[in-house]
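Structural overview for review
Each chain, letter by letter, is given below.
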2 protein chains.
Amino acid sequence: MTQLEAAKKGQITESMYQVARQEGVPPEAIREKVAFGTAVIPKNSNRHFESRGIGAGLKTKVNANIGTSPSHHDVTEELAKLNAAVKAGADAVMDLSTGGDLDQILDTILRQAPVMVGTVPIYKVISKLMAQQKAPVEMAADDLFSEIEYQGRAGVDFITVHCGITRRNLAVLKDCDRIMGMVSRGGSFMAEWISAHGVENPLYSRFDDLLEICRQHDVALSLGDGLRPGAIHDAEDRAQIAELVTLGELARKARRAGVQVMIEGPGHVPLNRIADDVRQQKRLCDNAPYYVLGPLPTDIAPGYDHLVGAIGGAVAAAAGVDFLCYVTPAEHLHLPGIQDVHDGVIASRIAAHIGDLEKNLPQAGDWDAAMSRARRCFDWETMYNLAIDPPLARQRRGQSEDHSRDVCTMCGDLCAVKTFERVAL
Amino acid sequence: MTQLEAAKKGQITESMYQVARQEGVPPEAIREKVAFGTAVIPKNSNRHFESRGIGAGLKTKVNANIGTSPSHHDVTEELAKLNAAVKAGADAVMDLSTGGDLDQILDTILRQAPVMVGTVPIYKVISKLMAQQKAPVEMAADDLFSEIEYQGRAGVDFITVHCGITRRNLAVLKDCDRIMGMVSRGGSFMAEWISAHGVENPLYSRFDDLLEICRQHDVALSLGDGLRPGAIHDAEDRAQIAELVTLGELARKARRAGVQVMIEGPGHVPLNRIADDVRQQKRLCDNAPYYVLGPLPTDIAPGYDHLVGAIGGAVAAAAGVDFLCYVTPAEHLHLPGIQDVHDGVIASRIAAHIGDLEKNLPQAGDWDAAMSRARRCFDWETMYNLAIDPPLARQRRGQSEDHSRDVCTMCGDLCAVKTFERVAL
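So, how was this worked out
- Residues numbered from 1 in each chain as written.
- Chains lettered and ligands numbered in written order.
- Predicted model: local features only at pLDDT ≥ 70, side-chain atom pairs only at ≥ 80, totals over all residues.
- Heavy atoms only, no water.
- Contact = heavy atoms within 4.5 Å.
- Buried area = accessible area lost by both parts, 1.4 Å probe.
- Salt bridge = Lys/Arg side-chain N within 4 Å of Asp/Glu carboxyl O.
- Disulfide = S-S within 2.5 Å.
- Buried < 20%, exposed > 50% of the residue type's maximum accessible area, 1.4 Å probe, protein only.
- Helix = DSSP H or I, 4+ residues; strand = E, 2+ residues; numbered from the N terminus.
- Right-handed = clockwise from strand over helix to strand, strands pointing away.
- Pairing = 2+ DSSP bridges.
- Phe/Tyr/Trp six-rings, centres within 6.5 Å; stacked < 30°, edge-to-face > 60°.
- Lys NZ or Arg CZ within 6 Å of the ring centre and 35° of its normal.
- Least-squares fit on C-alpha atoms with pLDDT ≥ 70 in both.
- Polar contact = N/O pair within 3.5 Å; in protein donor to acceptor, adjacent residues only side chain to side chain.
- Expected span 1.5 Å × (residues − 1).
- Arc of directions from axis to C-beta.
- Domains from an automatic or database assignment.
- Lys, Arg positive; Asp, Glu negative; His and termini not counted.

1. Some remarks on the interface of chain A and chain B
Between chain A and chain B, the contact holds 99 residues from the first and 98 residues from the second. Overall, the association of chain A and chain B removes approximately 8,400 Å² of surface from exposure, summing both partners, and the carbon and sulfur fraction of that is 68%. Summed over the shared surface of chain A and chain B, the result is four salt bridges. We note a salt bridge from Arg396 of chain B to Asp340 of chain A, for which the minimum N-O separation is 2.9 Å.

2. Brief notes about the state of the cysteines
Residues and elements named next belong to chain A. Counted according to the given criterion, the structure contains zero disulfides over all chains. Distance from the sulfur of Cys214, which forms no disulfide, to the nearest cysteine sulfur (Cys163) is 8.7 Å. Assessed through its relative accessible area of 1%, Cys214 is described here as buried. For the unlinked cysteine Cys415, the closest cysteine sulfur is that of Cys411, found at 5.9 Å.

3. Remarks on the pairing of strand β4 (residues 92–95) of chain A
Residue and element names in this part refer to chain A. Residues Ala92 and Met94 of β4 are buried on one face, and the alternating residues Val93 and Asp95, pointing to the opposite face, are buried as well. A crossover connection joins strand β3 (residues 61–66) to the parallel β4 through helix α4 (residues 75–87); in handedness this β-α-β unit is right-handed. Of the pairings in the sheet, the one linking β4 to strand β5 (residues 116–119) comprises four bridges and is parallel in character. Bridging across to β5, Ala92 finds its partner in Met116. Once you follow β4 into helix α5 (residues 102–112) and on to β5, the crossover reads as right-handed.

4. Here's the deal with the packing of aromatic side chains
Counting across every chain of the model gives eight aromatic pairs over all chains. Ring centres 4.1 Å apart and planes at 20° place the aromatic pair Tyr291 of chain B and Phe323 of chain B in the stacked group. Here the residue Tyr291 of chain B occupies a position in strand β9 (residues 290–293), and Phe323 of chain B occupies one in strand β10 (residues 323–325), the gap between them amounting to 32 residues. Residue classification places Tyr291 of chain B among the buried positions, given a relative accessible area of 3%. Residue placement shows Lys43 of chain A over the ring face of Phe49 of chain A; its charged tip is 5.8 Å from the ring centre.

5. Some details on the relation of the copies chain A and chain B
For these two chain copies, the linking operation is a rotation about an axis paired with a shift along it. Expressed as a screw operation, the relation of chain A to chain B combines 0.0 Å of axial shift with a rotation of 180°, fitting to an RMSD of 0.0 Å. Seen this way, the second copy is the image of the first under a two-fold rotation axis. Rotation axis and chain A: the residue whose C-alpha lies nearest the axis is Ile311 of chain A, separated from it by 2.2 Å. A share of 99% of interface residues in chain A that are also interface residues in chain B marks the association as one of identical surfaces.

6. Brief notes about the side chain of Asn63 of chain A
All names here are of chain A. Looking at the element boundaries, Asn63 is found in strand β3. Residue Asn63 is classed as buried on the basis of its relative accessible area, which comes to 0%. A distance of 3.3 Å separates a polar atom in the side chain of Asn63 from the backbone nitrogen of Met94. For Asn63, the residues in contact, after removing those within four places along its chain, are Ala92, Val93, Met94, Phe158, Tyr291, Phe323, Leu324, Cys325 and Tyr326.

7. Quick word on helix α7 (residues 141–154) of chain A
Residues and elements named next belong to chain A. If you check α7, its first and last C-alpha atoms are 20 Å apart, about what 14 residues at 1.5 Å a residue would give, namely 20 Å. Within the sequence span of α7, burial applies to Ala141, Leu144, Phe145, Glu147, Ile148, Gln151 and Gly152. The buried residues of α7 occupy one face: seen down the axis, they fall within an arc of 160°.

8. Re the domain arrangement of chain A
Residues and elements named next belong to chain A. According to the domain assignment, chain A contains domain 1 (60–360) and domain 2 (363–421). Taken over C-alpha atoms, the centre of domain 1 sits 38 Å from the centre of domain 2. Each side of the interface is counted separately: domain 1 has seven residues, and domain 2 has six residues. Note on domain 1 versus domain 2: buried area summed over both sides is about 570 Å², and carbon and sulfur give 70% of it. Counting the surface domain 1 buries against domain 2, the share from its top three residues, Arg349, His353 and Leu357, is 63%. Where domain 1 meets domain 2, there are zero salt bridges. Inspection of the region where domain 1 meets domain 2 yields two residue pairs in polar contact (both at pLDDT 80 or more).

9. Considering the side chain of Arg397 of chain A
Within the fold, Arg397 of chain A resides in helix α18 (residues 390–398). Of the buried charged residues, Arg397 of chain A lacks a salt bridge, with Asp406 of chain A as the closest side chain of opposite charge at 6.8 Å. Non-local contacts of Arg397 of chain A, meaning those with residues more than four positions away in its chain, are made with Trp380, Tyr384, Asp402, His403, Arg405, Asp406, Val407 and Cys408 of chain A together with Leu333 and His334 of chain B.

10. Side note on the pairing of strand β9 (residues 290–293) of chain A
The side chains of a regular strand alternate, first on one face of the sheet and then on the other. Residues and elements named next belong to chain A. As paired strands, strand β8 (residues 261–265) and β9 are joined by three bridges and run parallel to one another. Among the inter-strand pairings, Gly265 is bridged to a residue of β9, identified as Val292. In terms of handedness, the path from β8 via helix α13 (residues 271–284) over to β9 forms a crossover that is right-handed. The pairing of β9 with strand β10 (residues 323–325) spans three bridges and is classified as parallel. Bridging from a neighbouring strand, Tyr291 pairs with Phe323 of β10.

11. Concerning helix α6 (residues 121–131) of chain B
Residues and elements named next belong to chain B. Most of α6 sits out of view: eight of its eleven residues are buried. By the burial criterion, the buried members of α6 are Pro121, Ile122, Tyr123, Lys124, Val125, Ile126, Ser127 and Leu129. Residues of α6 that are buried make contact with α5 (102–112), β5 (116–119), α7 (141–154), β6 (158–161) and α9 (185–197). At the exit of α6 stands Gln133, carrying a positive phi of roughly 65°.

Okay, here's the thing in structure tokens:
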């Protein structure tokens, strides 16, 4: 039985109890959210780890994309990235490997990860074809379903599938004046496949087959936004919204079949349209959890896209986004390394926490108040421990001249907090 | 004659022409903004550099705070910070030095800076007292006015003065339940002085004397928010708003006297109150330019406060803030170093640019579109040149395996943009 099926039947699973404990809410509230589909607990029935929930009323979660590429693949490095992501506080990782021994890499990550693991199954299918000098369009529809089945058995907790790349939605895209066209890897492969074969996307036409595989292993669906904008100029156009409508329809079908489902979102979006985008997704997708990449409210900062993504992510989370996919400083330039993974997770966690403050989650406000109280009484140890990245905070101040005093080198004895202590109001 | 006096008389100054050229708007539009006080051009009549405007309808500007502290002072390092700030694209620097030979440091910065220079004059007065083992409350009111006069003659373009720390506003603060109390250095010194002497703040009671000094050298006033919140918990309380009301009254007086004026803003502010804060400042201060520090929408990320400040700064700029004071990764931990200055300026410039996109400044949108067009056709040289930090973007990608190919190590031949080129829509 999937978490969703159990919830619908009124059963509170062990995973729901775990999530309830983490979030500090009653187990019955978690069951209800899962039953309504406003929250999901991605956890393959073949894997064992402490479950986390994603959805309305829960802490905003963070995903770190790791994985190899054709020109850079080393399983040891991937494990180091996994550890860096988990240590920095990621709630999930996605193995997006496209180079090296893909089965072995996924298997290793599934065995080692103490958090949920997602994939984009079409990457493996296409990567294997290309490694054999075959063209992506030589993929057979059954190859894709076989791979999804393999991954379901292997223990993958959630998969991104580009079911919304339909002939109809590509026709809508044709008449959009985009600069970047498509920037989704999986989405563009599906588009190429559809255009080469002249038939419908099998992930759409055989959606019921997909649901059956997912139901069997309780793999959560993450309906990918293959038509997401890859430039501020392209944001929120007819193609993007047409696909979102399709994803909303499919989300309802998935829930009816007992399959947990999230919706993926953009991408490059101007700052003032992010909240509108979130509200629209919630409306069109019956309040399914929203999983966004970034969003990036400007295109001009390669090398700093973790920061740009944190700006968009904070605004998105504040508006109701449930799950942030990190963006690293390597975005638009190269495959992220271990430090990039760390920096990306921290940036997204800051955004998620700012979102949680706006969502009025009590734990979030308590955290800030505790930090400020420690600051007020110069309790540096508590400040370090409460910092989003304790080792960094400790190390930075430890290198300054005043590290053994209670003040810092910014103000020294001219510290405003000390001066204010002398004020008799 | 000050820029404001000239503007009121219908004269377009050389500085207004310079600003008009930079912003791509007619000189008469600049004159009008300066005359109405919705924009300022901080430029001491004794200094020579390419003027920049701050205010409504102009690009969001960025300030970098530099300066020594009692335990860390080296004039060579300050010059390196100045150069790092200017190279990274700062529109202004403030010399906040409190350690070493303060006159020499300020003099050096004023001679070397190709951008406007601001100060907080009370820092120098108090630092000199403390260096003589005297208590801050031993300051005489005339010491402060003399220092301001000295700095006006020396060429300082704008000064932060905490005129809103009045007996009345401190009484309001008394009954606010703050965690952090006051976190403004200049503000807390004024509060201590008022409480020790039992008389009104001379910067408030003798505001006309202050205006006369500023008018003489065309020093722009930046009315400091001494009661700004230093914790999310403390944000937007009665004390903060009472001071803002006072600053609005003083801003009107300053304009009437021909003195250009900006208003300073918080501080630590929850994300969803930032836009309200900006709208309120504009209303209460007759649309005077708004100069904010951060704002920081969370307290929990020491080591990453440049990123937190960029989140708050982007939202603030989008809501109409005109001038962002950077926050560096050193904030809350130690005095910023050269790399911190660079990182802080870049983070604030990203926030400012995202604000400019929302302000519909045509140059802003053109920048993003040009970057995306370069991305679309794999024109890496153009991408590097358009990046907010060209050397970093070039260096990062240059270290990856695929740097001599048109693709990057993220996707290699599985590049979505390349795949999409093969799609026949």
